[in-house]
Amino acid sequence: MDKDLQTYDIKNSERTKCEVWTRVMGYHRPIDSFNIGKKGEFADRKYFTEEKACPCSRN
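Note that the coordinates shown come from a computational prediction; the quantities given were computed from them, not determined experimentally.

Visitor: Can you walk me through the overall build of the chain in this structure?
Guide: Looking only at helices and strands, the chain features three helices and two strands. The helix and strand sequence of the chain, counted from the amino end, reads α-β-β-α-α. For the chain, the residues scored as buried account for 10% of the 59 residues in total. For the chain, the accessible area works out to roughly 5,900 Å², and carbon and sulfur atoms hold 53% of it.

Visitor: Can you help me understand the environment of Lys-39 in this one?
Guide: Tracing the backbone through its elements, the reader meets Lys-39 in helix α2 (residues 36–43). Each residue touching Lys-39, except ones within four places of it in the same chain, is listed here: Ile-31, Asp-32 and Phe-34.

Visitor: What should I look at first to understand the pairing of strand β2 (residues 27–30) in this one?
Guide: Regular strands place side chains that alternate from one sheet face to the opposite one. Relative to β2, strand β1 (residues 21–24) runs antiparallel, the two sharing four bridges. Each residue of the ladder has a partner; that of Trp-21, found in β2, is Pro-30. Taking the residues that link successive antiparallel strands as the turn, the β1-β2 hairpin has two residues, and the phi of Met-25 there is positive, at about 50°.

Definitions and cut-offs
- Residues numbered from 1 in each chain as written.
- Predicted model: local features only at pLDDT ≥ 70, side-chain atom pairs only at ≥ 80, totals over all residues.
- Heavy atoms only, no water.
- Helix = DSSP H or I, 4+ residues; strand = E, 2+ residues; numbered from the N terminus.
- Buried < 20%, exposed > 50% of the residue type's maximum accessible area, 1.4 Å probe, protein only.
- Areas by Shrake-Rupley, 256 points an atom, 1.4 Å probe, with all protein chains shown as cover.
- Contact = heavy atoms within 4.5 Å.
- Pairing = 2+ DSSP bridges.

Function cannot be read off these values alone, since they describe shape.
Structural data, given as structure tokens:
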């Protein structure tokens with residue numbers, strides 16, 4: 001990441017925090033509001049694409 005900052009000449013003082021939201025129990029919440037257990041569950045999530053997960057969906 002430091003290499004990217006140097007490539008684009010971005011100073012730390014110019015950076016802003018990115019707030020990440022996710023859908024939990026039917027509504028959206030920022031990850032920063034999660035307790036330690038829920039943050040662990042979020043980190044352990046597996047991401048997939050439908051095409052790779054179900055070969056039967058290909059036509």
